[in-house]
Amino acid sequence: MIEDDQRLASMVATYLNQNGFEVTHSGTASEGLQQLQQAAATQAYSIVLLDLMLPDADGLDVCRQIRGQAQPLASMPIVMLTAKGDPMDRVVGLELGADDYIPKPFEPRELLARLRAVLRRQQGVASNNERVLRFGRLEIDLDARVIRLDDQEKPVTSYQFNLLAAMADRAGRVLSREQLMDVVKGEPLEAFDRSIDVHIGRLRAAIEDDPKQPKRIITVRGAGYVFAKAQDV
């Protein structure tokens, strides 16, 4: 947990500890990043709880730095906390790779539910871990949780990997935003109902030759999205 409010951090840590989590707290961005990097080799952490407003850095910049690290740190789930209610902050956070977003003040039970939901999403697709999905030059390795295009890895967030894998499993079917949320999260809870669009945009940037003219993830106006069965033909 990277949070400069000591009182809030102590309260959250106590509550999460009582519900099966082990919490390490950092009061600054630099300390938090250092701890994550030192623990990356042992994969000591499962999820990052990141405050938007930190004394030495913007939480959005910290999110960007985490996503720019080597694996497995780059794919670690991130839930952002903020006292600001501007929807654009949520959009930017999701665009930079956050998996979920919760505004302050919040109920500890809601935070716990969000954390558990994000971790379930990360683990959900891995149950099919012996399969590798191939679509032309695109390869989705469900075991390693890696996306490759032309044999080059394309880093995405845990949520985005699960979203792409879910769409690829249903290639050729038009899926609405609501269906995608339900398939990936397994529950209707969501920070806001346009978040799917943000994640789709990030996926297109990773796997499309031209994100502005997508050939793999196609928008069906008024209906949702479809993952193309035939690619690179």
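Residues numbered from 1 in each chain as written. Predicted model: local features only at pLDDT ≥ 70, side-chain atom pairs only at ≥ 80, totals over all residues. Heavy atoms only, no water.

As recorded in an unreviewed UniProt entry, the chain goes by the name Response regulator, listed as coming from Herminiimonas glaciei.

Next up on the list: the UniProt feature "modified residue: 4-aspartylphosphate" (unreviewed entry) in the chain. When the UniProt feature table is mapped to this numbering, "modified residue: 4-aspartylphosphate" (unreviewed entry) covers Asp51. Not counting residues up to four positions away in its chain, the partners in contact with aspartate 51 are Ile2, Glu3, Asp4, Gly59, Leu81, Thr82 and Lys104. (UniProt positions renumbered as here; feature names shortened; annotations may be inferred. Contact = heavy atoms within 4.5 Å.)

On to the packing of aromatic side chains, then. Inspection of every chain in the model, using the stated rule, returns one aromatic pair. Ring centres of phenylalanine 135 and phenylalanine 227 lie 4.8 Å apart, and the angle between their planes is 85 degrees; this geometry places the pair in the edge-to-face category. Separated by 92 residues along the polypeptide, phenylalanine 135 in strand S4 (residues 132-135) and phenylalanine 227 in strand S10 (residues 224-227) bring together distant segments of the chain. You'll find phenylalanine 135 and phenylalanine 227 in the same group, each marked buried. (Phe/Tyr/Trp six-rings, centres within 6.5 Å; stacked < 30°, edge-to-face > 60°. Helix = DSSP H or I, 4+ residues; strand = E, 2+ residues; numbered from the N terminus. Buried < 20%, exposed > 50% of the residue type's maximum accessible area, 1.4 Å probe, protein only.)

What follows covers the nonpolar core. Counting 29 residues, the largest nonpolar core has Ile140, Leu163, Leu164, Met167, Ile196, Ile217 and Phe227 as its most contacted members. Looking at this core element by element, the count peaks at eight residues for helix H6 (residues 158-169). Excluding residues that lie within four positions of it along the chain, isoleucine 196 makes contacts with Tyr159, Leu163, Arg177, Leu180, Met181 and Tyr225. One finds Ile2, Met80, Leu96 and Ala98 within the second-largest nonpolar core, a separate group that totals 19 residues. (Core = buried A, V, L, I, M, F, W, Y, C linked by side-chain atoms within 4.5 Å.)

All right, on to the layout of surface pockets then. Each pocket or cavity is described by its volume, and for the largest pocket that value is around 400 Å³. The dominant element in the lining of the largest pocket, judged by the number of residues it contributes, is helix H2 (residues 29-39), at three residues. For the lining of the largest pocket, the per-class residue count stands at 13 nonpolar, six polar and one charged. If you add up the space inside the second largest pocket, you get close to 320 Å³. Residue lining of the second largest pocket: 18 residues in total, with Gln43, Pro72, Ser75, Met76 and Gln122 positioned closest to the centre. Of the residues contributing to the lining of the second largest pocket, the split by class is 10 nonpolar, seven polar and one charged. (1 Å grid on protein atoms, 1.4 Å probe; cavity = no way out; pocket = protein on both sides within 12 Å on 5 of 7 lines; lining within 4 Å. Points joined across faces, edges and corners; volume = space filled by probe spheres on them. Nonpolar A, V, L, I, M, F, W, Y, C, P; charged D, E, K, R; others polar.)

Next up on the list: unusual backbone geometry. Following lysine 104, the chain continues into proline 105 via a peptide bond in cis, with omega recorded as -10 degrees. Residue position: proline 105 is located in the loop between strand S3 (100-103) and helix H5 (108-124). Of note in this structure, arginine 145 is not a glycine but carries a positive phi near 55 degrees. By the secondary structure assignment, arginine 145 is in the loop between strand S5 (138-141) and strand S6 (146-149). Phi is positive for aspartate 150, close to 55 degrees, though the residue is something other than glycine.

Taken together, the three strands give an open sheet; going across it, the order is S8-S10-S9, and neighbouring strands pair in antiparallel fashion. Each of the sheet's edge strands pairs with one partner strand only, and the pair in question is strand S8 (174-175) and strand S9 (217-220). With two bridges connecting them, S8 and S10 associate as antiparallel partners. When the sheet's bridge partners are listed, leucine 175 is paired in S10 with tyrosine 225. Contacts between H6 and the sheet are confined to S8, S9 and S10, with S10 contributing the most and set at about 70 degrees to the helix. Seen against the sheet, helix H8 (residues 195-207) touches S9 and S10 and runs at an angle of roughly 140 degrees to S9. (Pairing = 2+ DSSP bridges. Axes fitted to C-alpha atoms, helices over the stretch in contact; angles between N-to-C directions.)

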